[in-house]
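Chain residues, written in single-letter form:
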Amino acid sequence: MVKICCIGAGYVGGPTMAVIAVKCPAIEVVVVDISKPRIDAWNSDTLPIYEPGLDEVVKACRGKNLFFSTDVEKHVAEADIIFVSVNTPTKTRGLGAGKAADLTYWESAARMIADVSKSDKIVVEKSTVPVKTAEAIEKILTHNSKGINYQILSNPEFLAEGTAIDDLFKPDRVLIGGRETPEGRKAVQALKEVYANWVPEENIITTNLWSAELSKLAANAFLAQRISSVNAMSALCEATGANVSEVSYAIGKDSRIGPKFLNASVGFGGSCFQKDILNLVYICECNGLPEVANYWKQVIKINDYQKSRFVNRVVSSMFNTVSGKKVAVLGFAFKKDTGDTRETPAIDVCKGLLGDKAQVSIYDPQVTEDQIQRDLAMNKFDWDHPMHLQPTSPSSVKQELDYQKIFNNMQKPAFVFDGRNVVNADKLREIGFIVYSIGKPLDAWLKDMPAIA
Ligand code: NAI
């Protein structure tokens, strides 16, 4: 029986390994983590993360060929294939602070693998890492190898939170990069055989190590760039009276462009896009390519601009101040069907409103009040205003909102600012609301109160 061990039981490690276990009954999969609360949660009825379909997959194989454990060293020592799926956040201090990936967790995982291994291992980079990380990891492992043979593979993960299980069941592609040596090719083949249990062979791409590492950063940069492109258009639409949904539809019909990822919004969030682009920017700078670095930096600048444009629109619409005004924020995670709040645009929007002394009530069915408080207390910007945060209790917002009732209870004029273009704006206008939809023709009120971006 092939034994797989995955280091890191997070948003990627947990779902990815659960799907490997369910699709490969002949493989034993153990997911290990240094965080006991995380492992306890994976072993309980309430999993540590929310993903549609995840519960069913975990329950189908947990205790059979899927295990979660804090005994990291034991399971690493026993494994044939080790996935490393630890977090790789942006460095906050030292060389490359604010841009480069922090590989502390990765390095300590690699050193631990070198310490405890007694048999040959295939070590798979699942985390998103800078190009050439495999080389560094290889050095750590081989310099401490005690005669053990290590093959490093890059197998970046392309799942999207909120649809992780579907994405893992039917991936557009699986990418495996390895050394172009006989041993390297053998290791690539071994991993390919795992995925071949459910992924058609033509969807399994094999490349050299560096192409695989760079493809992950490139994919996220391209995806984020589409969002920033359409968001940049949304500002121009508002200025001219064009409708961004119509523009998106019209350009998306071009088969060279395609319809996906063309929705205007308050901006992208999540733990990956910004981090991976900053990482790409840093790599370009380190390789003497400042023009390329500046090109990708602009994707993040537009995203920040879009968030501040939204806050400015809210404030300017209400006579240039929201001080003391009650604002209900619906949704806090970075997108639907997830409880993940890392880099969610809601943090910047709420902080912007709190900075102008609004009274903010926040509700998200997947996010606890504690988490929201922690996110808003983070020191990204130094707010010199006290916070007036009043989280609602989860039961106080129903699935279906009665907008007429809400309108009746609000001070007039009553506003709805839609950061995702999901409400039926015309219906709300009939009730009497002033509605702002990103990139859509502006209500007369909003035209008279131009946002100072
Ligand atoms: P996460 O923060 O949810 O999980 C990482 C886990 O690793 C944590 O539970 C942490 O306790 C554990 N860990 C750290 N060092 C460890 C060590 N030495 N030994 C054992 N456990 C250790 O992170 P997430 O979101 O799962 O991301 C992991 C990697 O996958 C990152 O590089 C990320 O960029 C990448 N990725 C994330 C995607 C996402 O949608 N979240 C999608 C594709 C890639």
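Along each chain, residues carry numbers from 1 onward, in the same order as the chain's sequence is written. A pLDDT threshold of at least 70 governs which residues receive local features in this predicted model, and a stricter bar of 80 or more applies before side-chain atom pairs are shown or counted, although totals over entire chains, interfaces and linings include all residues.

Caption draft 1: Summary view of the site of the ligand. Near residues are defined by distance alone, with the backbone-placed C-beta atom required to lie within 6 Å of the molecule or strand. Contacts to the ligand come from 27 residues, most closely from Gly 8, Gly 10, Tyr 11, Ser 127 and Thr 128. Counting from the N terminus, the helices are DSSP H or I runs at least four residues long and the strands are E runs at least two residues long. The dominant element in the shell around the ligand, judged by the number of residues it contributes, is helix H5 (residues 104-116), at 3 residues.

Caption draft 2: Structural context of the environment of Ile 205. By secondary structure assignment, the location of Ile 205 is in strand S8 (residues 204-208). Residue class for Ile 205 comes out partly exposed when judged on the 14 C-beta atoms lying within 10 Å of it. Here the alpha-carbon distance between Ile 205 and Gln 306, two residues 101 residues apart in the chain, equals 36 Å. Residue contacts for Ile 205: discarding those within four places in its chain leaves Arg 173 and Leu 175. Whether a residue is buried, exposed or partly exposed follows from its count of other C-beta atoms within 10 Å of its own C-beta, namely 20 or more, 12 or fewer, or something in between, respectively; the C-beta atoms are built from the backbone. Contact between two residues is assigned whenever their backbone-derived C-beta positions fall within 7 Å.

Caption draft 3: Molecular detail of helix H12 (residues 290-317). Every helix has an expected span of 1.5 Å times one less than the residues it contains. The end-to-end C-alpha distance of H12, which contains 28 residues, comes to 39 Å, matching closely the 40 Å that a straight helix rising 1.5 Å per residue would cover. One or two steps after H12, the chain reaches Phe 319, where phi turns positive at roughly 60 degrees.

Caption draft 4: Focus on the domain arrangement of the protein. According to the domain assignment, the protein consists of domain 1 (3-199) and domain 2 (219-448). Facing 16 residues of domain 1, the contacting portion of domain 2 comprises 17 residues. Of the residues in the side of domain 1 that touches domain 2, the class split is 10 nonpolar, 4 polar and 2 charged. Note that the domain bounds were set by an automatic or database domain assignment. Residues are grouped as follows: nonpolar covers Ala, Val, Leu, Ile, Met, Phe, Trp, Tyr, Cys and Pro; charged covers Asp, Glu, Lys and Arg; every other residue, Gly included, is treated as polar.

Caption draft 5: Here's a closer look at the nonpolar core. Core analysis: the largest hydrophobic core is formed by 63 residues, its most contacted members being Ile 7, Ile 82 and Val 123. Considering every element that reaches this core, the biggest residue donor is helix H1 (residues 13-23), with 6 residues. Put simply, a nonpolar core is a cluster of buried Ala, Val, Leu, Ile, Met, Phe, Trp, Tyr and Cys residues tied together by C-beta atoms within 7 Å. In terms of nonpolar packing, the next biggest core, distinct from the first, is built from 51 residues, Val 315, Val 367, Val 435 and Tyr 436 among them.

Caption draft 6: A look at the packing of helix H9 (residues 209-240) against helix H11 (residues 273-286). The convention used is that axes are lines fitted to C-alpha atoms, helices contributing only their stretch in contact, and that angles between N-to-C directions extend from 0 to 180 degrees. At their nearest, the axes of H9 and H11 sit 9 Å apart, and the two run at 115 degrees to each other. With respect to the hand of their crossing, H9 and H11 are arranged in left-handed fashion. Facing H9, whose interface residues are Leu 217, Asn 220, Ala 221, Leu 223 and Ala 224, H11 presents Phe 273, Asp 276, Ile 277, Asn 279 and Leu 280. Split into classes, the residues belonging to the contact of H9 with H11 amount to 7 nonpolar, 2 polar and 1 charged. Rotating anticlockwise by less than a right angle from the far helix to the near helix defines a left-handed crossing, while the corresponding clockwise rotation defines a right-handed one.

Caption draft 7: Layout of the UniProt feature "active site" (unreviewed entry) in the protein. UniProt positions are given in the numbering used here, feature names are shortened, and annotations may be inferred rather than shown by experiment. Per the UniProt record, "active site" (unreviewed entry) is found at Cys 272. The class for Cys 272 is buried, based on 26 C-beta atoms found within 10 Å. With sequence-adjacent residues up to four places away left out, Cys 272 is seen in contact with Thr 128 and Asn 220.

Caption draft 8: Structural view of helix H8 (residues 182-195). For H8, which comprises 14 residues, the first-to-last C-alpha distance of 20 Å matches the rise-based estimate of 20 Å (1.5 Å per residue) to within 8%. Listed in full, the buried residues belonging to H8 are Ala 187, Val 188, Leu 191 and Val 194. Down the axis of H8, the sector holding all buried residues measures 110 degrees, keeping them to one side. In H8, those exposed residues whose orientation departs by more than 90 degrees from the buried face are Pro 182 and Lys 186. Tucked into the core, H8 has its buried residues touching H1, strand S4 (81-84), strand S5 (121-125), strand S6 (150-154), strand S7 (174-178) and S8. Taken from the helix axis, the directions to the C-beta atoms give the arc we talk about.

Caption draft 9: Just the pairing of S5, in detail. S5 sits mainly inside the fold: 5 of its 5 residues count as buried. What you see with S5 is no split at all: Lys 121, Val 123 and Glu 125 on one side and Ile 122 and Val 124 on the other are buried throughout. Taken together, the 5 bridges between S5 and S6 define a ladder with parallel strand orientation. By the bridge assignment, Val 124 is partnered in S6 with Leu 153. Convention used here: a crossover is right-handed provided that the path from the first strand, over the helix, to the second strand proceeds clockwise when the strands point away from the viewer. Regarding the hand of the β-α-β motif, the stretch spanning S5, helix H6 (residues 133-143) and S6 is right-handed. DSSP-based pairing: two strands are paired if at least 2 bridges between them are found.

Caption draft 10: Quick look at the packing of H9 against H12. Contact pair H9 / H12: the axes reach a minimum separation of 9 Å and the direction vectors enclose 45 degrees. The angle between H9 and H12 places the two elements in the oblique class. When the axes of H9 and H12 are compared, the crossing they make is left-handed. Here Ala 221, Ala 224, Gln 225, Ser 228, Asn 231, Ala 232 and Ala 235 of H9 lie close against H12, whose contacting residues are Trp 296, Val 299, Ile 302, Asn 303, Gln 306 and Arg 309. Orientation labels follow simple angle bins: below 35 degrees gives roughly parallel, above 145 gives roughly antiparallel, 65 to 115 gives roughly perpendicular, and whatever is left gives oblique.

Caption draft 11: Up close: unusual backbone geometry. Look at the link from Lys 412 to Pro 413: it is a cis peptide, with omega at -5 degrees. Position of Pro 413 relative to the elements: it lies in the loop between helix H15 (403-409) and strand S11 (415-418). Despite not being glycine, Lys 132 shows a phi value in the positive range, around 85 degrees. Owing to 13 C-beta atoms within 10 Å, Lys 132 belongs among the partly exposed residues under this scheme. A positive phi angle is found at Lys 146, which is not glycine, with a value near 50 degrees.

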